[in-house]
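Analysis of the macromolecular model
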Amino acid sequence: MLRLKSAQKSNRGAAGYSRWVNRPLGRRLAAGAYLTGLTPNQVSCLSATFTYAAIAVIAVVRPSWPMAVLVTLALVLGYALDSADGQVARLRGGGSIDGEWLDHVFDALKIATFHLAVAVSWYRFYGLAHPSLLLVPLAFSAVSSTFFFAITLSDFLRRVDRAKAGGSVVTTASLNPDERAGVLRSLVVLPNDYGLLCLLLVLLPVHDAFIVLYTALTVANLGFLVVGAARWLREMRALGA
């Protein structure tokens, strides 16, 4: 248990669901995976299997309560396993380049297809009064993909800058589980949490409610992207200087 505790990330900046639900659940899954001898890449593949299966069901199956519950559970499990793979890697002494690459590719595909599946579901099963509503999941897809690329590229450029300065290319700040983290910030950034989006899928059968809440999350995530992009641009300028 002490080794598992040391394998945790800091909660600084983490959104509420990831901090209080996903990481603790991932910790338990990581312990089970480690004890059964699963590699981090195998855990990543398990995560992708649950996630992509759920995304496919969103696109091809008419929303109902049993379907929505199963989709939500699969997404929640897939997300928890996505947290577990990094913990397993740290338990085994550190991650690998190919593992990091695989994890990022799986995340990129998830982000690219999730909202497209929602758009397909709306088109096939919702009987939209205004077809222009389909622009909402398409916009969410663009926002999420851009956000993921921007934050990944920012981290990469930070590593490049540290390497040029003769420092370590490994991000160490995120590996301090005892670092203090504000509760208010975790609540404020909750709309940006993928886990909250997973839970929202349980409302797929309630068309009007799902459209309203999903649209609200789209607007909120657009706001996070604008604010985040401005901050990252200032940081990159500082690194360049």
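Every residue gets a number counted from 1 within its own chain, in the order that chain's sequence is written. For this predicted model, a pLDDT threshold of at least 70 governs which residues receive local features, and a threshold of 80 or more governs which side-chain atom pairs are given and counted, while totals over whole chains, interfaces and linings are taken from all residues. Each side-chain value is worked out from all heavy atoms of the structure, with water and hydrogens disregarded.

Another aspect to go through is the nonpolar core. What we call a nonpolar core is a set of buried Ala, Val, Leu, Ile, Met, Phe, Trp, Tyr and Cys residues that are connected through their side-chain atoms within 4.5 Å. Residue burial is assigned from relative accessible area. The probe radius is 1.4 Å, only protein chains are included, and a residue is buried under 20% of its type maximum, exposed over 50%, and partly exposed in between. In terms of nonpolar packing, the biggest core is built from 32 residues, with Trp122, Phe210 and Tyr214 touching the most fellow members. Put simply, DSSP marks the helices as runs of H or I at least four residues long and the strands as runs of E at least two long, and each gets a number from the N terminus on. Contributions of two or more residues to this core are made by helix 3 (40–60), helix 4 (65–91), helix 5 (97–126), helix 6 (135–164), helix 8 (194–200) and helix 9 (207–240). Sorting elements by how many residues they give to this core places helix 4 first, with seven residues. Excluding residues that lie within four positions of it along the chain, Trp122 makes contacts with Gly127, Leu128, Leu133, Leu134, Val136, Pro137, Phe210, Ile211 and Tyr214. In this structure, Ala30, Val43, Ala84 and Val88 belong to the second largest nonpolar core, which totals six residues. By the convention used here, residues are in contact when the closest approach between their heavy atoms is within 4.5 Å.

As for its placement among the helices and strands, Ser47 is situated in helix 3. By relative accessible area, which is 6% here, Ser47 ends up buried. Dropping the residues within four chain positions of it, Ser47 is found in contact with Gly78, Leu81 and Asp82.

Take the packing of helix 5 against helix 9 next. Structural elements are reduced to axes, namely lines fitted to C-alpha atoms, with helices fitted over the stretch in contact, and the angle between N-to-C directions of any two is expressed from 0 to 180 degrees. At a minimum axis distance of 13 Å, the contact between helix 5 and helix 9 shows a crossing angle of 150°. By the angle class used here, helix 5 and helix 9 are roughly antiparallel. The element helix 5 and its partner helix 9 pack so that their crossing is left-handed. Only His207, Phe210, Ile211 and Tyr214 of helix 9 make contact with helix 5, whose side of the interface consists of His115, Val118, Trp122, Phe125 and Tyr126. Three classes are used: nonpolar for Ala, Val, Leu, Ile, Met, Phe, Trp, Tyr, Cys and Pro, charged for Asp, Glu, Lys and Arg, and polar for all others, with Gly counted as polar. By residue class, the composition of the contact of helix 5 with helix 9 is seven nonpolar, two polar and no charged. When an angle is under 35 degrees it counts as roughly parallel; over 145 it counts as roughly antiparallel; between 65 and 115 it counts as roughly perpendicular; any other value is oblique. Should the near helix be turned anticlockwise from the far one by less than a right angle, the crossing is termed left-handed; should it be turned clockwise, right-handed.

Let's shift gears to the confidence of the model for the chain. Averaged over every residue, the pLDDT of the chain is 91; residues scoring 70 or more account for 90%. Every residue is assigned a pLDDT by the predictor, reflecting its confidence on a scale from 0 to 100. The secondary-structure element of the chain with the lowest mean pLDDT is helix 1 (residues 2–6), recorded at 55, while helix 3 shows the highest, at 98.

Assignment of secondary structure puts Ala31 in helix 2 (residues 16–35). Overall, Ala31 belongs to the partly exposed group, its relative accessible area being 23%. With 57 residues separating them in the primary sequence, Ala31 and Val88 have C-alpha atoms 7.5 Å apart.

A few words now on the packing of aromatic side chains. Under the pairing criterion, centres of Phe, Tyr and Trp rings, with the six-membered ring standing for Trp, must be within 6.5 Å; the plane angle then separates stacked pairs below 30 degrees from edge-to-face pairs above 60, leaving the rest tilted. One pass over the structure, following the stated rule, counts 10 aromatic pairs. Note on Tyr52 and Phe106: the rings are 6.1 Å apart at their centroids and 75° apart in plane angle, and the pair reads as edge-to-face. A residue pair is termed long-range when its members are at least 10 positions apart, and Tyr52 in helix 3 and Phe106 in helix 5 qualify at 54 residues. Ring centres 5.3 Å apart and planes at 65° place the aromatic pair Phe147 and Trp232 in the edge-to-face group. Here the residue Phe147 occupies a position in helix 6, and Trp232 occupies one in helix 9, the gap between them amounting to 85 residues. Exposure class is identical for Phe147 and Trp232. Each is buried.

Think of a 1 Å grid over just the protein atoms. A cavity is a set of points where a 1.4 Å probe fits yet cannot get out, a pocket is an open set with protein on both sides within 12 Å along at least five of seven lines, and lining residues have an atom within 4 Å of a point. Grid points are joined across faces, edges and corners, and a volume is the space filled by probe spheres set on the points. For the structure shown, the criterion picks out one cavity of 30 Å³ or more. Counting residues per element, the ones that place at least two in the lining of the largest cavity are helix 3, helix 4 and helix 5. Counting residues per element, the lining of the largest cavity draws most heavily on helix 3, at five residues. Considering only residue class, the lining of the largest cavity consists of four nonpolar, four polar and five charged.

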